[in-house]
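Architecture at a glance
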Amino acid sequence: MNDTAGARLSAAAISARIDRLPATRTIWTYVVLLGFGMFFELYDLLFTAYVAPSLVKSGMLTAQTAGLFGTTGVASFIAALFTGLFIGTILCGFLADRYGRRAIFTWSLLWYSAANIMVALQTDAFGLNLWRLVSGIGLGVEIITIGAYLSELAPKGMRGRAFAVNQAIGFVCVPVASFLAFTLVPAAPFGIEGWRWVVLIGALAAPVVVFLRRGLPESPRWLAKVGRLAEADRVLSTIEARVEAEYGKPLPPPGPEEQISPASSFMDLWIPGVRGRVILMSVFNIFQTIGFYGFSNWVPSLLVKQGITISTSLGYTTVIALAAPVGPLIGFFLGDRFERKWIIVAAAGLILVCGLVFGQTREAALIIAMGVALTLGNNIMSYSFHAYQQELFPTGIRARAAGFVYSWSRLSVIFSSFIIAFILGTFGAFGVFVFIAAAMAIVMATIGLFGPRTTNLALEKIAR
């Protein structure tokens, strides 16, 4: 390269060198490896819906919540997880900014894998909820770390596609978890309740993490931001050499260096230019999660409430779950071509309409069709907003800021779980979907009216 040593060793130069890299096998390998981490993280996050009916049948949990905030119902099991997620995202999100993306990606994955082994060993609601909370702390740290890690390793021209592929791999866990529940819950292999097998299988993430860690470099952007410029240059030079060999010709020259935000502390979340985005995404996360988890955490229970048996509901949800990875794959073709804010708005509108239809039908074909549409809408919105909120914040506070705004979604689920349990018991499945529709209307208004543009250079200066 023609860069001088001095030009190479600055945070702005490191960022410009990454952003000019073509999307070769090396870059996509990093995306895929982080996708495997996302698979196990989403598996542990989303198996709740598929084991909940079995936990009720075993007597460990009750279908109805005693009072509004009872601790033995399905709602308490969901709330325990999201209490942990709230703690992990709002109090521990800074860890990846302080200790690095690679280290925290590894240790948080090991944390929740060990905690889920303990979940599988429990015999009462208290122990179940306690260890689910502990697991949630690790999951909360992990999801923020993966988002920051991916946004920094991916060149800006492929960032939307990178998040789409990452989430597509992650959401393969949904049909896997649903199928495992469908087969293991009735069978209870070796006399062990099927739900315990579903939980334990998620703990396979622990040995996989060794493989993932070996294939992933530390983020050069993070290394440069914390002043480890020589190490950032060394790591990036290795990546550049591999990419150039795969590219088959000299790499294009880095683009102009753009200003790197000095933001690095919690107080920097409230400076002009950042504060408005923090408030915007906090409001968004409070309401988006009602649509996503209001469906994904409750779909078998919603179907049972509509008069469908547990085994039949698990069969329906297994078919519906096959659509989970398709949403992000659609996003692969949309991600860097259309404004992410408008993709989020359109997906929320799809959830609103299809949810209201789902809540009223009893016909198998329509249940599956609307369930598939809801799954696609939720997962398209998910990949879009994960990329969107990472792009809104500078490198120095990216994990901390994303963790702070994302923590509101976790707090929202804690309370909305009990609200949904109350609505389901009082007004039925349709009442739940009216609640979800109202939340999606707020999402559409919030992002549509106030969300900044980020695609195609709109916010590249602050996104670093």
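Bear in mind that the values here come from a model prediction, so they are computed numbers and not experimental data.

1. Notes on the overall build of the protein chain
Helix and strand counts for the protein chain stand at 22 helices and zero strands. Across the 464 residues of the protein chain, 61% fall into the buried class. Taking the contacts inside the protein chain whose residues are at least 6 apart along the sequence as the reference set, 84% of them involve residues at least 24 apart. Surface exposure of the protein chain reaches about 16,800 Å², of which carbon and sulfur atoms provide 70%.

2. What to know about the nonpolar core
Within the largest apolar cluster, 142 residues are counted, with the highest numbers of intra-cluster contacts made by L46, F82, W298, F358 and M381. Beyond its immediate sequence surroundings of up to four residues, L46 is in contact with F171, C173, V174, F292, Y293 and S296.

3. Comments concerning helix α15 (residues 275-296)
Taking 1.5 Å of rise per residue, the 22 residues of α15 would be expected to cover 32 Å, and the 31 Å separating its terminal C-alpha atoms lies within 8% of that figure. For α15, the principal kink sits at Q288 and spans about 25°. Burial analysis of α15 places 16 of its 22 residues in the buried class, which makes it a mostly covered element.

4. Quick notes on the side chain of N166
Following the sequence through the fold, N166 ends up in helix α9 (residues 159-171). On the basis of relative accessible area, N166 is assigned to the buried category, the value being 1%. At a separation of 3.3 Å, a polar atom in the side chain of N166 contacts the main-chain carbonyl oxygen of L34. Those residues in contact with N166 that lie beyond four places of it in its chain are V31, L34, G35, M38, I146 and L150.

5. Some thoughts on the packing of aromatic side chains
In this structure the tally under the stated criterion is eleven aromatic pairs. Aromatic pair F171 and F292: ring centres 6.1 Å apart, planes at 50°, arrangement tilted. Of the two residues, F171 sits in helix α9 while F292 sits in helix α15, which places them 121 residues apart along the sequence. Judged by relative accessible area, F171 falls into the buried class, the value being 1%.

6. Considering unusual backbone geometry
The backbone of A188 shows a phi angle near 50°, a positive value even though the residue is not glycine. Tracing the backbone through its elements, the reader meets A188 in the loop between α10 (173-187) and α11 (194-202). Positive phi, close to 55°, is recorded for F190, a residue that is not glycine. Tracing the backbone through its elements, the reader meets F190 in the loop between α10 and α11.

7. As for the pattern of salt bridges
Applying the stated rule across the entire model yields 13 salt bridges. As a salt-bridge pair, R17 and E240 come within 2.8 Å of each other at their nearest N and O atoms. In this pair, R17 is assigned in helix α2 (residues 11-19) and E240 in helix α14 (residues 229-247), connecting sequence segments 223 residues apart. This pair shows no difference in class: R17 is buried, exactly as E240 is. Note that R159 is salt-bridged to E391, the shortest N-O span being 3.9 Å. Of this pair, R159 sits in helix α9 while E391 sits in helix α20 (residues 364-391), and the two are 232 residues apart along the sequence.

8. Some words on the packing of α9 against α20
For any two helices packed against each other, the geometry is given by the interaxial angle and the distance between the axes. Between α9 and α20, whose axes approach to 9 Å, the crossing angle comes to 135°. Looking at the two axes, α9 sits oblique to α20. For the element pair α9 and α20, the recorded crossing hand is right-handed. Of the residues in α20, those in contact with R159, G160, F163, A164, Q167 and F171 of α9 are N379, S382, Y383, H386, A387, Q390 and E391. Split by residue class, the contact of α9 with α20 holds five nonpolar, six polar and two charged.

9. Looking at a nonpolar patch on the surface
Taken together, the side chains of I117, L121 and L200 make up a nonpolar region of the molecular surface, amounting to roughly 250 Å² of accessible area. Within the secondary structure layout, L200 lies in helix α11.

10. Quick notes on the environment of W222
Note on placement: W222 falls in helix α13 (residues 220-225). On the accessibility criterion, W222 (3% relative accessible area) is buried. As for W222 and L153, which are separated by 69 residues in sequence, their C-alpha atoms are 9.8 Å apart.

11. A few points about α14
When the terminal C-alpha atoms of α14 are compared, their 26 Å separation across 19 residues agrees well with the 27 Å that a helix rising 1.5 Å per residue should span. All buried positions along α14 are accounted for by A232, D233, V235, L236, I239, E240 and V243. Projected down its long axis, α14 carries its buried residues within an arc of 165°, all on one side. When the buried face of α14 is taken as reference, the exposed residues oriented beyond 90 degrees from it are A230, R234 and A245. Immediately beyond the C-terminal end of α14, within one or two residues, lies G248, with a positive phi of roughly 85°.

12. Re the packing of helix α3 (residues 25-46) against α11
Following both chains from N to C, one finds α3 and α11 inclined at 155°, their axes separated by 9 Å at the closest point. By the angle between their directions, the pair α3 and α11 is classed as roughly antiparallel. Viewed along their axes, α3 and α11 form a crossing whose handedness is left-handed. Seen from α3, the contacting residues are F40, Y43 and D44; seen from α11, they are V198, I201 and G202. In terms of residue class, the contact of α3 with α11 is made up of four nonpolar, one polar and one charged.

So, how was this worked out
Residues numbered from 1 in each chain as written. Predicted model: local features only at pLDDT ≥ 70, side-chain atom pairs only at ≥ 80, totals over all residues. Heavy atoms only, no water. Helix = DSSP H or I, 4+ residues; strand = E, 2+ residues; numbered from the N terminus. Buried < 20%, exposed > 50% of the residue type's maximum accessible area, 1.4 Å probe, protein only. Contact = heavy atoms within 4.5 Å. Areas by Shrake-Rupley, 256 points an atom, 1.4 Å probe, with all protein chains shown as cover. Core = buried A, V, L, I, M, F, W, Y, C linked by side-chain atoms within 4.5 Å. Expected span 1.5 Å × (residues − 1). Bend = angle between axes of the 7 residues up to and from the residue. Polar contact = N/O pair within 3.5 Å; in protein donor to acceptor, adjacent residues only side chain to side chain. Phe/Tyr/Trp six-rings, centres within 6.5 Å; stacked < 30°, edge-to-face > 60°. Salt bridge = Lys/Arg side-chain N within 4 Å of Asp/Glu carboxyl O. Axes fitted to C-alpha atoms, helices over the stretch in contact; angles between N-to-C directions. Parallel < 35°, antiparallel > 145°, perpendicular 65-115°, else oblique. Left-handed = near helix turned anticlockwise from the far one by under 90°. Nonpolar A, V, L, I, M, F, W, Y, C, P; charged D, E, K, R; others polar. Patch = residues over 30% accessible without salt bridge, like charges linked within 9 Å, V, L, I, M, F, W, Y side chains within 5 Å. Arc of directions from axis to C-beta.

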